[in-house]
Amino acid sequence: MLAVVPPPVTVRVPSKVNLHLAVGDLRPDGYHDLTTIFQALSLTDEVTVAIADEPGVEVHGEGADAVPTGASNLAWRAVQELARHVGRDPDEPKIRVVINKGIPVSGGMAGGSADAAATLVGLASLWRLDITRDELAGICAKLGSDVPFTLYGGTALGTGRGEKLVPVLSRHTYHWVLAFDRRGLSTPKVFTELDRLRDEGDPPRIGAVEPVLEALATGDPRQLALLLGNDLQAASVSLRPGLRRTLRAGVSAGALAGTVSGSGPTCAFLCSDGESALRVAAELAGAGVCRTVRVAHGPVPGARVIGGDETPRPIPPQVHA
Ligand SMILES: C[C@](O)(CO)[C@H](O)COP(=O)(O)OP(=O)(O)OC[C@H]1O[C@@H](n2ccc(N)nc2=O)[C@H](O)[C@@H]1O
Ligand SMILES: Nc1ncnc2c1ncn2[C@@H]1O[C@H](COP(=O)(O)OP(=O)(O)OP(=O)(O)O)[C@@H](O)[C@H]1O
């Protein structure tokens, strides 16, 4: 009798911006305690998982050349971790993962993390696993600090390494402009640079998180704009001084405020509405301060299977500069 092979499953997964990112001191395990507010943005990756005789990872789209396709790809680590969790052989998963990237690589927007979360959701469906989101979140946390948030999406308060999440009431759709830099920044290097800056002097730390939660509850982007803050910004700007110009250019173009997204180097600009975001994006693109400009909105849902009337984005051809 022929075994029926289940059809491939495609998952859409958001990027993130940190509206508030307070970084504590270096812990003995090499991580820093964080108090952060994540917002999931409509700039997404799409990940398709399929049963295949030729297992492995394929990467297409934004920055694909810089992404490993072997065992160090976070999506492949997710395949192995889930296989282990459900008692399958982690070294023989007959799975092919095709990643269609929209999220910039090493951009501070949780791109690799998003692919890992999407892979877990896709495989849970492909393997017809009886597994809850919370159980998947436990596996996400083993893969990286940002992975659990990209599973849940929305707006959330993160503590611990960033993996302990509580949903946050957010009443409004916020409109963003994102400026991608020409090269990425390594997350561990940015944390190390912050430790160095703190050893040398005492760079100012951002304020308390409560006012940001209050601003989110009112839904007024102007109020939120006044409170955007990121302790890692000084470190990313120290490593990439050109970001100062980008941040200034976004505000001059009419954004309410700008911030470095997570560990950078992507700069995220909060705008008053969708039309304003389009105007800011056009002006910023003309300013020559960054590689690519995109508009996005948030909050959006976390990793979810695309089905029915939602067709996957076509895989763009590889373009080599
Ligand atoms: C900067 C943020 O994007 C903010 O959301 C995250 O904190 C980074 O999350 P991530 O990329 O998933 O990071 P992980 O893969 O967990 O860790 C990569 C490295 O970043 C540093 N790291 C990360 C998270 C954290 N709370 N403290 C850290 O010091 C550590 O050097 C760690 O070895
Ligand atoms: N699926 C993946 N997509 C992108 N990068 C990946 C992936 N798997 C492994 N990597 C590697 O992980 C590193 C970080 O890439 P990523 O795009 O996740 O950075 P990031 O968005 O700055 O992360 P974060 O915001 O979570 O700190 C890069 O060196 C990249 O080569």
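Remember, it's a predicted structure, so these values are computed and weren't measured experimentally.

*Asks:* Give a detailed account of the domain arrangement of the chain, specifying residues and quantitative values.
*Replies:* Its domain assignment divides the chain into domain 1 (9–168) and domain 2 (174–298). If you average the C-alpha positions of domain 1 and of domain 2, the two centres end up 23 Å apart. In this assembly, 25 residues from domain 1 lie in contact with 34 residues from domain 2. Mapped by element, the contributors of at least two residues to the side of domain 1 that touches domain 2 are β1 (9–26) and β2 (32–51). Split into classes, the residues belonging to the side of domain 1 that touches domain 2 amount to 15 nonpolar, ten polar and no charged.

*Asks:* Now, about the site of ligand 2: what can you tell me, with residues and values included?
*Replies:* With respect to spatial proximity, 22 residues lie near ligand 2, and among them G111, G112, D115, D146 and T187 are the closest. Within the residue set of the shell around ligand 2, elements represented by two or more residues are α1 (74–85) and α2 (111–126). Take the shell around ligand 2: its biggest share by element is four residues, from α2. By residue class, the composition of the shell around ligand 2 is nine nonpolar, eleven polar and two charged.

*Asks:* Give me the lowdown on the site of ligand 1, citing residues and values where you can.
*Replies:* Taken together, 20 residues form the shell around ligand 1, and within it G144, S145, D146, P188 and G262 come nearest. Secondary structure elements with two or more residues in the shell around ligand 1: β1, β2 and α5 (187–200). Across the shell around ligand 1, the residue classes tally to six nonpolar, twelve polar and two charged. Residue assignment places the shell around ligand 1 across two domains, with domain 1 (9–168) and domain 2 (174–298) each supplying three or more.

Calculation rules
Residues numbered from 1 in each chain as written. Chains lettered and ligands numbered in written order. Predicted model: local features only at pLDDT ≥ 70, side-chain atom pairs only at ≥ 80, totals over all residues. Domains from an automatic or database assignment. Contact = placed C-beta atoms within 7 Å. Helix = DSSP H or I, 4+ residues; strand = E, 2+ residues; numbered from the N terminus. Nonpolar A, V, L, I, M, F, W, Y, C, P; charged D, E, K, R; others polar. Near = placed C-beta within 6 Å.

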